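# Structural description and commentary
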Amino acid sequence: MAEEVLIPPVGKSTSLTGSLLAVAFLTSFGSSMLYGYNLAVVNSPAAYIKDFYNKTALRRNGTGLSGETLTLMYSLTVSVFAVGGLLGSLIVGMLVTRFGRKGTVVNTTVLVFIAGSLMGFSRICNSPEMVIFGRFITGIHSGISLSVVPMYLGEIAPKNLRGFLGLVPSIFIGTGVFTAQILGLHELLGKEEHWPLFLSVVVVPTFIQLMLLPWFPESPRYLLIEKRNVHATITALKWYRTKCNIQAEIEEMQEEQRSLSSVETLSVWKLLLDDSVRLQVLSVVVINIGMQLSGIDAIWFYTNDIFQNAGIPAPEIQYTTAGTGIIEIIAGLIGCFTIEKLGRRPLMIGGFAMMGICSAGITLTLILQAHLSVMRYISVCCVVGIIAGFCIGPAGVPFLITAELFKQSHRPAAYIVGGSLNWLSNFTVGFVFPFLQMSAGSYCYLVFATVCLSVATYVHFIIPETKNKTFMEISRMFSKKEAVLETQGLTHGDQLKLKKMNGYGGVDHTSLEFDSSSSVP
């Protein structure tokens, strides 16, 4: 156990420091933004990439590819990104335990340089395999980044700024999508000769991150609780907390460390078998699956068709679609600057509810637009509403919540569970949606509406508000919540005194008293 350290208070305020803001921007700019960029980057040069594949096959075999084979190769180029993302999410727990949070971000930048080189030189080498493998490696990097960046920011942030810093990555994901849409315009990198550069430009933000991020400290919680390095923890806290009571934070970390003294970092299997965190695990499962099954990827896929039906001229649709990227960024900024005032629950409930209502609205407008021309424009408003609702809350809060619901020993495994389910759901929607659309037609969006409203209902009744609370306080809130659910199953004649696990190895032998306001704020 780490030695007790007494440090004079440095102040009571927990204001946003330049170091915190710089780390949030560097990690998000060089990692999270790449995820958004790689989601959208293959849309604009699709025809050029297919033509490259066909010409390469003609040069190698003397005959071109059939339409079905060409479509299959392009689909593989798009979907292999999600396969890489799933792999990255599965290894993130091992990486953050071995290299630390910041160390993982820095060390995995090598993946971006490898992928960028493969894709950038693919045309010179006449190798479609280099494009596909490069996409796979960028997927691995994004799978790692989607988990480690919010984990790192959640651990370095003071409790009153954890929400604000936790949503910065989601803003940069939207910025990445918007950047790909803008650079993909014909006037910039949308020409045939530029598509290898368009795919490989991701190395630029990663290079900037690699040059600057190593100068900043590792997560203080990782240094104290896992590495038991008190002096490095003090140095890191002084770097991030120029006007904060460092002593109080170290005492809170040491309290968590003492509660974990008999519990090592859990594997995924042990996490799933741990009854003391079953509500937290279930919550991570619901919100991460709901995030992808909300239909946001299907909406992005169908945006051009909806805009075309609304009467927007075909040459202008690319600019209109790029305009939705601005909406993503604005909505993300609104969520980021209001989360510490409103809390996590309102952004999650409001975001999913807004998406559910607008998804049902799309179904209604698609059915009625043949009879009422105004419905075409309402469908555009519904698309904007779904994108805005997603970016305000569901786009970023699930990653933040995953960090907040678990203490140090459980957190890496929780991110593996949440990240892998996120990528699996992403892949499932991309694979199933075309068939769902063919079979259900315009009614397919009712499936997404049902998912969104169900997740909003779950968050309302199950997940407590975590705003401005320490990890230990959140742990105790869930212990009470779970105990309430257990006691509801007892008959009035049962005079049982419950011994409730505190969630991380300790036992509370006192009889439980519950305050309903603590279960659902």
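Being a predicted model, the structure only gives us computed values, none of them experimental. Every chain begins its residue count from 1, and numbering advances along the sequence as written. Given that this is a predicted model, residues contribute local features only at a pLDDT of at least 70 and side-chain atom pairs are listed and counted only at 80 or more, while totals for whole chains, interfaces and linings are drawn from all residues. Note: side-chain values were computed over all heavy atoms of the structure, leaving out hydrogens and water.

## Things to note about the pattern of salt bridges
For side chains bearing opposite charge, pairing can occur when the charged atoms are close. Stated formally: A carboxyl oxygen of Asp or Glu within 4 Å of a side-chain nitrogen of Lys or Arg is what we treat as a salt bridge. Per the convention used, a helix needs a DSSP run of H or I reaching at least four residues, while a strand needs a run of E reaching at least two, with both numbered from the N terminus. Any residue under 20% of the maximum accessible area for its type is buried, any over 50% is exposed, and the rest in between are partly exposed; the area is computed with a 1.4 Å probe on protein chains only.
Inspection of every chain in the model, using the stated rule, returns eight salt bridges. Taking the shortest distance from any N to any O, the salt bridge between Glu404 and Arg162 comes out at 2.7 Å. Of this pair, Glu404 sits in helix H19 (residues 397–404) while Arg162 sits in helix H7 (residues 162–183), and the two are 242 residues apart along the sequence. Residue Glu404 shares its accessibility class with Arg162, and that shared class is buried.

## Describing the packing of helix H2 (residues 46–61) against helix H6 (residues 128–156)
The line we're drawing: For helices, the axis comes from a line fit to the C-alpha atoms of the stretch in contact; other axes are also lines fit to C-alpha atoms, and the angle between any two N-to-C directions lies between 0 and 180 degrees. Here the angle decides the label: under 35 degrees means roughly parallel, over 145 means roughly antiparallel, 65 to 115 means roughly perpendicular, and every other value means oblique. Any pair of residues with heavy atoms lying within 4.5 Å of one another is described as a contacting pair. Under the scheme applied, nonpolar residues are Ala, Val, Leu, Ile, Met, Phe, Trp, Tyr, Cys and Pro; charged residues are Asp, Glu, Lys and Arg; polar residues are all the others, including Gly.
Where H2 meets H6, the axes come as close as 9 Å, and the angle between the chain directions of the two elements is 140°. Classified by the angle between their axes, H2 and H6 sit oblique to one another. Contact residues: Phe52, Tyr53, Thr56 and Arg60 in H2; Pro128, Glu129, Val131 and Ile132 in H6. Class assignment for the residues of the contact of H2 with H6 results in five nonpolar, one polar and two charged.

## Observations concerning the nonpolar core
Heads up, the rule is: Nine residue types can take part in a nonpolar core, namely buried Ala, Val, Leu, Ile, Met, Phe, Trp, Tyr and Cys, and a core is a set of them joined through side-chain atoms within 4.5 Å. All domain edges in this entry derive from an automatic or database-based domain assignment.
If you look at the biggest cluster of nonpolar residues, it comprises 116 residues, and the most contacted ones within it are Val23, Leu199, Leu271, Ile362, Phe406 and Tyr445. Of all the elements, H6 adds the most residues to this core, at 14 residues. Each of domain 1 (16–262) and domain 2 (269–491) gives at least three residues to this core. When residues no more than four places from it in sequence are discounted, the contact partners of Leu199 are Val41, Val42, Ile49, Met119 and Val131.

## What to know about the packing of helix H17 (residues 344–368) against helix H18 (residues 374–392)
The packing of two helices is summarised by the inter-axis angle and the distance between the axes. What counts, and what does not: Two helices that cross are described as forming a left-handed crossing if the nearer one is turned anticlockwise from the farther one by less than a right angle, and a right-handed crossing if clockwise.
Close contact between H17 and H18 brings their axes to 8 Å; oriented N to C, the two are set at 160°. Between H17 and H18, the crossing angle belongs to the class labelled roughly antiparallel. Taken as a pair, H17 and H18 cross one another with a handedness that is left-handed. The residues of H18 that touch H17, namely those facing Leu347, Gly351, Met354, Met355, Cys358, Ser359, Gly361, Ile362, Thr365 and Leu368, are Met375, Ile378, Ser379, Cys382, Val383, Gly385, Ile386, Ala388, Gly389, Phe390 and Ile392. In terms of residue class, the contact of H17 with H18 is made up of 14 nonpolar, seven polar and no charged.

## Topic: helix H16 (residues 314–342)
We apply this condition: Expected span, for any helix, means 1.5 Å times one less than how many residues it has.
The terminal C-alpha atoms of H16, which comprises 29 residues, lie 41 Å apart, in line with the 42 Å expected from a rise of 1.5 Å per residue. Within the span of H16, buried status applies to Ile317, Thr321, Ala322, Thr324, Gly325, Glu328, Ile329, Ala331, Gly332, Gly335, Cys336 and Ile339. Following H16 by one or two positions, Gly343 adopts a phi angle in the positive range, close to 105°.

## Structural notes on the confidence of the model for the protein chain
Let me state the cut-off plainly: As a per-residue measure, pLDDT reflects the predictor's confidence and takes values from 0 up to 100.
Looking at the protein chain, the pLDDT average stands at 81 and 85% of residues meet or exceed 70. When the criterion is pLDDT under 50, residues 1–13 qualifies, and its contacts beyond four places in sequence or with other chains add up to 35 contacts.

## What about the environment of Leu333?
If you trace the backbone, Leu333 turns up in helix H16. Judged by relative accessible area, Leu333 falls into the partly exposed class, the value being 34%. Sequence separation between Leu333 and Ile392 is 59 residues, and the spatial gap between their C-alpha atoms is 7.7 Å.

## Focus: the side chain of Thr77
Tracing the chain through its elements places Thr77 in helix H3 (residues 67–99). Excluding residues within four positions of it along the chain, Thr77 makes contact with Tyr53, Val131, Ile132 and Arg135.

## Description of helix H9 (residues 203–212)
Quick note on the threshold: Relevant arc is that of directions from the helix axis to the C-beta atoms, nothing else.
Taken together, the buried positions of H9 are occupied by Pro205, Thr206 and Gln209. Take H9 and look down its axis: the buried residues cluster within an arc of 100°, on one side only. Buried residues along H9 sit against helix H1 (18–40), helix H4 (101–107) and helix H5 (109–120).

## Examining empty space enclosed by the protein
Definition in use: The distinction between a cavity and a pocket rests on a 1 Å grid over the protein atoms alone: a 1.4 Å probe fits inside a cavity but cannot get out, while a pocket stays open yet meets protein on both sides within 12 Å along at least five of seven lines, and a residue with an atom within 4 Å of a point counts as lining. Grid points are joined across faces, edges and corners, and a volume is the space filled by probe spheres set on the points.
Tallied over the full model, the rule gives four cavities of 30 Å³ or more. The space that makes up the second largest cavity amounts to roughly 70 Å³. Along its surface, the second largest cavity is lined by Ser32, Leu146, Pro150, Gly166, Pro169, Ser170, Ile173, Ala395, Gly396 and Phe399. At four residues, H7 tops the list of elements feeding residues into the lining of the second largest cavity. Class assignment of the residues belonging to the lining of the second largest cavity gives a composition of six nonpolar, four polar and no charged. When we break the lining of the second largest cavity down by domain, the ones giving at least three residues each are domain 1 (16–262) and domain 2 (269–491).

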